[in-house]
Amino acid sequence: MKRYGIVDIGSNTIRFKIYDYMNGKVRHSVSNKKTAGLIAFKEDGKLNEAGINVLVSTLKKFNKHMEELGVDEAYYFATASLRNIDNTEEVLDIVKNKLNINIHVLSPDDEATLSFEIIKEKDLYGNDGILIDVGGGSSEINVFKNKTPVEDVSLPIGSLVMYQEYVSLMFPDENEKKQIQERVLKEIKNSGIKKHSREIMTGVGGSVRSIKRLLRYLNMIDHNTKLIPISLLDELLNELSHNTKEDYNKVLQIKAERIHTLIPGLIIVKTIAEYFDVKYLHVTNYSIREGVLNSIINGEFEAPEDIIFK
């Protein structure tokens with residue numbers, strides 16, 4: 001058996017998962033996360049000293065856990081969290097010097113490919129559709145036909161970015177919701193992606209999983225629902241239309257750390273779905289972390305310095 005540790009450094013959350021690989025089979029064994037909100041530490045385009053300290057302390061803690069749990073091979077990667085800052089190399093050097101950890105910053109193309117390949121293998125709903133991954137700092141859109149990518153783009157917007165830029169209280173008011181929607185549409189159009197029409201959109205990541213959990217909690221869908229009608233996203237927005245304790249508690253019951261980002265994420269998902277005439281949302285539990293693991297096992301990452309051996 002070989003034990004792998006995968007650390008995903010996101011704009012909102014840093015998380016690690018440990019997987020055991022034996023006889024061609026992968027089993028998830030342990031996971032942990034820290035809601036670090038790295039994007040909140042971005043000043044003048046750079047991750048500031050406080051943000052770097054949060055990153056270093058979190059990775060140090062996770063690294064210790066993985067050593068204690070007997071991880072054979074650990075891999076650290078980042079997406080928009082470190083990709084969309086002006087001092088990426090400085091941050092990578094600091095982490096390397098302090099912890100002897102190499103962080104692989106994935107390009108938007110790598111991010112889209114890794115997510116698509118693992119979902120295609122494990123949990124793709126239908127031959128034609130759209131795959132989205134709404135993170136804290138960016139949103140990826142991958143349009144596919146016959147299980148083959150047709151177009152993919154990375155939008156420089158995510159649930160935490162939208163909260164930081166547009167929301168004045170905990171939940172956005174009606175005007176702020178409209179501003180978020182207009183920004184999403186602007187970024188979609190600026191990306192140059194064609195206006196494909198697809199019936200089903202598969203969602204990856206914490207934002208879409210939280211949406212599904214909240215729909216279940218509010219009895220708007222049941223546990224057997226595989227395809228969520230997009231029309232329910234409007235109903236969910238209406239359920240959370242006030243900055244009141246009652247509405248806050250609905251989110252706190254299912255995902256407390258996402259209380260401020262769930263609605264911005266919901267608006268991003270809804271706007272993308274409506275732009276591409278999507279009728280149903282399929283939520284998968286697989287993620288880019290499993291895609292990264294699959295590529296490591298298959299020897300597809302060529303640079304050995306990107307992997308830390310324990």
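Thresholds applied
Each chain has its residues counted from 1, following the order in which its sequence is written. Only residues with pLDDT of at least 70 get local features here, since the model is predicted, and only at 80 or more are side-chain atom pairs given and counted; chain-wide, interface and lining totals rely on the full set of residues. Note: side-chain values were computed over all heavy atoms of the structure, leaving out hydrogens and water. Counting from the N terminus, the helices are DSSP H or I runs at least four residues long and the strands are E runs at least two residues long. Burial classification: accessible surface area is computed with a 1.4 Å probe over protein chains only, and a residue below 20% of its type maximum counts as buried, one above 50% as exposed, and the rest as partly exposed. Throughout, a residue-residue contact means that at least one pair of heavy atoms, one from each residue, lies within 4.5 Å. In these tables, accessible area is a Shrake-Rupley quantity obtained with a 1.4 Å probe, and a residue counts as shielded only by the protein chains included in the view. As used throughout, the charge tally considers Lys and Arg to be positive and Asp and Glu to be negative, leaving His and the chain termini uncounted. A charge is said to be at NZ when it belongs to Lys, at CZ for Arg, at CG for Asp and at CD for Glu. The term nonpolar core refers to a set of buried residues drawn from Ala, Val, Leu, Ile, Met, Phe, Trp, Tyr and Cys, joined through side-chain atoms within 4.5 Å. Expected helix span is computed as 1.5 Å times (number of residues minus one). For the purposes of these results, a polar contact is taken to be a pair of N or O atoms within 3.5 Å, where, inside protein, one atom must be able to donate a hydrogen and its partner to accept one; residues adjacent in sequence count only when each atom of the pair is a side-chain atom. Stacked, edge-to-face and tilted are the three classes for Phe, Tyr and Trp ring pairs, Trp counted by its six-membered ring, which pair at centre distances within 6.5 Å; planes under 30 degrees apart are stacked, over 60 edge-to-face, the rest tilted. This arc corresponds to the set of directions leading from the helix axis out to the C-beta atoms. Helix axes use the C-alpha atoms of the stretch in contact, all axes being lines fitted to C-alpha atoms, and the angles between their N-to-C directions lie in the range 0 to 180 degrees. We call two directions roughly parallel when the angle between them is under 35 degrees, roughly antiparallel when it is over 145, roughly perpendicular when it lies between 65 and 115, and oblique otherwise. Here a crossing is taken to be left-handed if its near helix is turned anticlockwise relative to the far helix by less than a right angle, and right-handed if that turn runs clockwise. Polarity classes work like this: nonpolar for Ala, Val, Leu, Ile, Met, Phe, Trp, Tyr, Cys and Pro, charged for Asp, Glu, Lys and Arg, and polar for all others, with Gly in that last group. By definition, a salt bridge exists where a carboxyl oxygen of Asp or Glu is found within 4 Å of a side-chain nitrogen of Lys or Arg. One requirement defines pairing of two strands: DSSP has to find at least two bridges between them. Per-residue confidence from the predictor is reported as pLDDT, a score between 0 and 100.

**Observations concerning the overall build of the protein**
Looking only at helices and strands, the protein features eleven helices and 14 strands. Out of the 310 residues belonging to the protein, those deemed buried represent 55%. Contacts in the protein between residues far apart in sequence, at least 24 positions, make up 68% of those at least 6 positions apart. On the protein, roughly 14,000 Å² of surface is accessible, and the fraction owed to carbon and sulfur atoms is 44%. Side-chain charges of the protein comprise 41 positive and 45 negative groups, with the mean position of each set lying 5 Å from the other.

**Comments concerning the nonpolar core**
Formed by 46 residues in total, the largest nonpolar core has its most connected members in Ile132, Ile141, Met201, Val269 and Ile272. Per element, the largest residue contribution to this core is nine residues, and it comes from helix 10 (residues 262-275). With residues up to four places along the chain from it excluded, the contact list for Ile141 reads Ile130, Leu131, Ile132, Glu151, Asp152, Val153, Leu155, Ile188, Ile193, Ile272 and Phe276. Listed in part, the 27 residues of the second largest apolar core include Leu47, Val71, Ala78 and Ile103.

**Overview of helix 1 (residues 49-68)**
For helix 1, spanning 20 residues, the distance from its first C-alpha to its last is 29 Å, which sits close to the expected 28 Å at 1.5 Å a residue. Gly51, Ile52, Val54, Leu55, Val56, Thr58, Leu59, Phe62, Asn63 and Met66 are the residues of helix 1 that are buried. Structurally, the start of helix 1 carries an N-cap: the backbone nitrogen of Ala50 is 3.2 Å from a side-chain oxygen of Asn48.

**Details of the packing of aromatic side chains**
Counted by the stated rule, this structure contains five aromatic pairs. Ring centres of Phe16 and Phe62 lie 4.8 Å apart, and the angle between their planes is 65 degrees; this geometry places the pair in the edge-to-face category. Here the residue Phe16 occupies a position in strand 2 (residues 13-22), and Phe62 occupies one in helix 1, the gap between them amounting to 46 residues. On the basis of relative accessibility, which here comes to 1%, the residue Phe16 falls in the buried class. Pairing Phe116 with Phe144 gives two aromatic rings, centres 5.4 Å apart and planes at 55 degrees, and the pair type is tilted. Pair noted here: Phe116 is in helix 4 (residues 108-122) and Phe144 is in strand 9 (residues 139-145), with a separation of 28 residues, a long-range link.

**As for helix 6 (residues 174-191)**
When the terminal C-alpha atoms of helix 6 are compared, their 26 Å separation across 18 residues agrees well with the 26 Å that a helix rising 1.5 Å per residue should span. Within the span of helix 6, buried status applies to Glu176, Lys177, Ile180, Arg183, Val184, Glu187 and Ile188. For helix 6, the buried positions fall inside an angular range of 135 degrees around the axis, keeping them on one side. Residues Glu174, Lys189 and Asn190 are exposed on helix 6 and point more than 90 degrees away from its buried face. Where helix 6 is buried, its residues meet strand 9, strand 10 (148-155), helix 5 (159-166), helix 8 (231-239) and helix 10. Of the residues flanking the start of helix 6, the one acting as N-cap is Asp173, its side-chain oxygen 3.1 Å from the backbone nitrogen of Asn175.

**Considering the packing of helix 1 against helix 3 (residues 88-99)**
Relative orientation of the contacting elements helix 1 and helix 3 amounts to 40 degrees, with a least axis distance of 11 Å. In terms of their interaxial angle, helix 1 and helix 3 are classed as oblique. At the point where helix 1 passes helix 3, the crossing takes the right-handed sense. Of the residues in helix 3, those touching helix 1 at Ile52, Leu55, Val56, Leu59 and Lys60 are Val91, Ile94, Val95, Lys98 and Leu99. Looking at the contact of helix 1 with helix 3 residue by residue, the classes come out as eight nonpolar, no polar and two charged.

**Looking at the pattern of salt bridges**
Side chains that differ in charge, positive against negative, can pair when their charged atoms come close. On inspection of all chains with the given rule, the structure shows 19 salt bridges. Between Lys2 and Glu73 there is a salt bridge, and its shortest N-O distance comes to 3.0 Å. Of the two residues, Lys2 is situated in strand 1 (residues 2-9) and Glu73 in strand 6 (residues 73-78); the sequence distance between them amounts to 71 residues. You can call Lys2 partly exposed: its relative accessible area is 32%. Residue classification places Glu73 among the buried positions, given a relative accessible area of 7%.

**Observations regarding the sheet that holds strand 9**
Across the sheet, which stays open at both edges, the six strands sit in the order 10-9-8-11-13-12 with mixed pairing between neighbours. If you trace the sheet from one side to the other, it starts and ends with strand 10 and strand 12 (228-229), each paired once.

**Concerning the side chain of Lys250**
By the secondary structure assignment, Lys250 is in helix 9 (residues 245-255). Take Lys250: its relative accessible area is 14%, and that puts it in the buried class. Beyond its immediate sequence surroundings of up to four residues, Lys250 is in contact with Leu214, Tyr217, Leu218, Glu239 and Leu240.

**Regarding the confidence of the model for the protein**
The pLDDT averaged across the protein works out to 92; a share of 97% of its residues lies at or above 70. Per-residue pLDDT stays below 50 along residues 302-310; that stretch engages in 21 contacts with residues further than four places along the chain or on separate chains.

**Looking at the environment of Asp128**
Here Asp128 lies in the loop between helix 4 and strand 8 (129-134). Each C-alpha atom of the pair Asp128 and Val143 lies 8.0 Å from the other, and the pair is 15 residues apart in sequence. In contact with Asp128, not counting residues within four places along its chain, are Phe144, Lys145, Asn146 and Arg198. Among the polar contacts listed, one links the side chain of Asp128 to the backbone nitrogen of Asn146, at a separation of 2.7 Å.

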